[in-house]
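So the chains spell out like this:
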Amino acid sequence: MKQNTEAWRALDAAHHLHPFSDTKGLNAQGARVITRAEGIYLWDSEGNQIIDGMAGLWCVNIGYGRKDLAEVAKRQMEELAYYNTFFKTTNPQVAELSKLLAEVAPEGFEHVFYTNSGSESVDTMIRMVRHYWSSVGKPEKKVLIGRWNGYHGSTIGGASMGGMTYMHEQGDLPIPGIVHVEQPWYYKHGKDMTPEEFGLAAARWIEDKILEVGADKVAAFVGEPIQGAGGVIIPPATYWPEVERICRKYDILMVCDEVICGFGRTGQWFGHELYGVKPDLFTTAKGLSSGYLPIGAVFVGERVAQGLIEHGGDFNHGFTYSGHPVCCAVARANVTALRDEGIVARVREETGPYMQAKWRETFGQFDHVDDVRGVGLIQAFTLVKDKQKRELFDNWGTMGLACRDIFFRENLIMRACGDHIVAAPPLVISKREIDEMLGRAARCVEEFERVVVRGQPG
Ligand code: PMP
């Protein structure tokens, strides 16, 4: 394997354009070649064992190396590798998965629409929401409200819905009819308030936007229960219930993007359940198949489903692979395992609380680490210049990258989102593995403070 590393790097540099990457810089350095994985561990082509504290891209909930999922895929490929669900046809796998998803979802979500990714789920949701309003006689309700620093994918719809300005800058986004409000980031925006007061204030920014646009023109508010790629921004407990109240008041659909939070990440099946709210729709992908195959789903609540079914006629939308039998079979095996092996329950009752206690104990003591936070198996902290003053470093993101690079060198995958350092390991991580991961992370943060912040020799 070792001798192949350079060859693979050369091929990759010659022919592969990587997502979210500066190809020139990457090629100069050479990509790390990941060759196999088991549980929470990855191995690269040099034989290094790496702790995957990010579950891939927040998706390998069930952990790597499940042979039973591979078997299911193989059997399904042999039996029915593909057929579409467009023209009056279905397949057993998509029907069975849909029933299972209705079982694990909170009450009132009896219908799903299938996609291949989180971005496609978000695009589907945008078109579905607009089609819903026009089907029930309110075609002028078209505007969707998202949040700055929210992440909803990379397609034109998803990137528009998200609030990443560096994405908007490439390709003239957002598209018309999508507007944004400030994110509920207490540490930065809530200084003179209690978290509870700030949660209400942040929700009311949405109300202000609704009034500015005109409630009769607003179709939906869209938010991640916890902002993932934005840096694991956990809103105060008062935020979502107030958002729900405002959406109901103005008759605006409330949409949760559960692409990261869904399928057990927070210890609940879906992140919005943490906050006791009930969205009209929610988007998923990632943990639905634990990344073993690409599949996403939009969960459609009763109101929208009935509106579409009774009044919508043809919904002129769908993907060649919507309801792909192999992806559905694997998703079904994955969701069944998450439920029947008690994996989600264990995150809620055991490993989640253990991680959260240890995470706070481990990182709370550093001079330049603050806002140590998390729930279930999604957590973060923020690198800060001055803890007392709650002052962030200048040049947002520079310190995060420097810290992330130390993790990377030490064979630990944790991610920098600006100067937020985030982690979301596979949900099967054990307490011993949590200790191992946090021990390694702590040594890296100690080096970061000593070498990068204080400029002492490495
Ligand atoms: N929504 C959210 C909340 C996400 O975190 C992501 C991906 N990180 C997406 C949508 C897009 O998903 P995908 O990359 O599968 O298109």
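Keep in mind that this is a model prediction, so the values were computed, not measured. (Residues numbered from 1 in each chain as written. Predicted model: local features only at pLDDT ≥ 70, side-chain atom pairs only at ≥ 80, totals over all residues. Heavy atoms only, no water.)

Trainee: Got a minute to help me understand the site of the ligand in this structure?
Mentor: Neighbouring residues of the ligand: Ser117, Gly118, Ser119, Tyr151, His152, Gly153, Glu224, Asp257, Val259, Ile260 and Lys286. Within the side chain of Asp257, one N or O atom sits 2.7 Å away from a nitrogen atom of the ligand. For the ligand, the accessible surface in isolation is 390 Å², of which the surrounding protein chains cover 83%. Of the residues contributing to the shell around the ligand, the split by class is three nonpolar, five polar and three charged. (Near = heavy atom within 4 Å. Polar contact = N/O pair within 3.5 Å; in protein donor to acceptor, adjacent residues only side chain to side chain. Areas by Shrake-Rupley, 256 points an atom, 1.4 Å probe, with all protein chains shown as cover. Nonpolar A, V, L, I, M, F, W, Y, C, P; charged D, E, K, R; others polar.)

Trainee: Please clarify how helix H15 (residues 398-409) should be interpreted in this entry.
Mentor: Look at H15: 17 Å from first C-alpha to last across 12 residues, which is about the 16 Å you get at 1.5 Å a residue. Looking only at H15, the buried set comprises Met399, Gly400, Cys403, Ile406 and Phe407. Down the axis of H15, the buried side of the element spans an arc of 125 degrees, and every buried residue falls inside it. Among the structural elements, strand E12 (378-386), strand E14 (412-413), strand E15 (415-417), strand E16 (420-423) and helix H16 (431-453) are those in contact with the buried residues of H15. (Helix = DSSP H or I, 4+ residues; strand = E, 2+ residues; numbered from the N terminus. Expected span 1.5 Å × (residues − 1). Buried < 20%, exposed > 50% of the residue type's maximum accessible area, 1.4 Å probe, protein only. Arc of directions from axis to C-beta. Contact = heavy atoms within 4.5 Å.)

Trainee: Explanation requested: the domain arrangement of the chain in the structure shown.
Mentor: A common way to report how large an interface is uses the accessible area buried once the components associate. Here the chain is partitioned into domain 1 (68-340) and domain 2 (350-453). Here the C-alpha centre of domain 2 lies 28 Å away from the C-alpha centre of domain 1. The interface is formed by 20 residues belonging to domain 1 together with 23 residues belonging to domain 2. Three residues, Tyr187, Val232 and Arg265, lead the burial of domain 1 against domain 2; their summed loss comes to 45% of the area buried on that side. Seen at the junction of domain 1 and domain 2, the total is zero salt bridges. Summed over the shared surface of domain 1 and domain 2, the result is nine residue pairs in polar contact (both at pLDDT 80 or more). Residue classes in the side of domain 1 that touches domain 2 are distributed as 11 nonpolar, six polar and three charged. (Domains from an automatic or database assignment. Buried area = accessible area lost by both parts, 1.4 Å probe. Salt bridge = Lys/Arg side-chain N within 4 Å of Asp/Glu carboxyl O.)

Trainee: Would you explain the packing of aromatic side chains in this entry?
Mentor: Aromatic ring pairs are reported here in terms of the distance separating the ring centres and the angle at which the planes meet. According to the stated counting rule, one finds 23 aromatic pairs in the structure shown. Judged by centre distance (6.4 Å) and plane angle (50 degrees), the ring pair of Tyr41 and Trp43 falls under tilted. Residues Tyr132 and Trp133 carry aromatic rings whose centres are separated by 5.1 Å and whose planes lie at 65 degrees to one another, so their mutual orientation is edge-to-face. The pair formed by Tyr132 and Trp133 is uniform in burial state, with each residue classed as buried. Taken together, Phe109, Phe263, Trp269, Phe270, Phe282 and Phe299 form an aromatic cluster joined through their ring pairs. The aromatic ring of Trp43 is capped on one face by Arg36, whose charged end is 4.1 Å from the ring centroid. The ring of Trp133 carries Lys141 above its face, with NZ or CZ at 4.8 Å from the centroid. (Phe/Tyr/Trp six-rings, centres within 6.5 Å; stacked < 30°, edge-to-face > 60°. Lys NZ or Arg CZ within 6 Å of the ring centre and 35° of its normal.)

Trainee: Honestly, the packing of helix H14 (residues 343-363) against H16 in this entry has me stumped. Any pointers?
Mentor: Packed helix pairs are specified by the crossing angle of their axes together with the interaxial distance, meaning the distance between the axes. Between H14 and H16, the shortest axis-to-axis distance is 10 Å and the interhelical angle comes to 20 degrees. In this view, H14 runs roughly parallel relative to H16, as classed from their interaxial angle. The handedness of the crossing between H14 and H16 is right-handed. Contacts between H14 and H16 involve Glu350, Thr351, Tyr354, Met355, Lys358, Trp359, Thr362 and Phe363 on the former and, on the latter, Lys431, Ile434, Asp435, Met437, Leu438, Ala441, Ala442 and Val445. (Axes fitted to C-alpha atoms, helices over the stretch in contact; angles between N-to-C directions. Parallel < 35°, antiparallel > 145°, perpendicular 65-115°, else oblique. Left-handed = near helix turned anticlockwise from the far one by under 90°.)

Trainee: Looking at this structure, I do not really get the packing of H15 against H16. What am I missing?
Mentor: Contact geometry of H15 with H16 gives a least axis separation of 9 Å together with a crossing angle of 130 degrees. Put simply, H15 runs oblique to H16. The way H15 lies across H16 gives a crossing that is right-handed. Packed against H15, whose contacting residues are Met399, Ala402, Cys403, Ile406, Phe407 and Arg409, the element H16 presents Ala441, Cys444, Val445, Glu447, Phe448 and Val452 at the interface. Of the residues in the contact of H15 with H16, the class split is 10 nonpolar, no polar and two charged.

Trainee: Any chance you could explain unusual backbone geometry here in plain terms?
Mentor: Residue Leu173 is joined to Pro174 through a cis peptide bond whose omega torsion reads 0 degrees. Non-glycine residue Asn149 carries a positive phi angle of around 70 degrees. Relative to the elements of secondary structure, Asn149 occurs in the loop between strand E5 (143-147) and helix H7 (156-161). On the basis of relative accessible area, Asn149 is assigned to the buried category, the value being 19%.

Trainee: Teacher, can you tell me more about the pattern of salt bridges here?
Mentor: Pairing is possible between side chains that carry opposite charge, provided their charged atoms lie close to one another. Evaluated as defined, the whole model comprises 29 salt bridges. As a salt-bridge pair, Arg66 and Asp68 come within 2.8 Å of each other at their nearest N and O atoms. A salt bridge links Arg248 to Asp280; its shortest N-O distance comes to 3.2 Å. Pair noted here: Arg248 is in helix H11 (residues 239-249) and Asp280 is in the loop between strand E8 (253-257) and strand E9 (281-284), with a separation of 32 residues, a long-range link. Taking relative accessible area as the criterion, Arg248 reaches 39% and is therefore assigned partly exposed. We classify Asp280 as buried; its relative accessible area is 10%.

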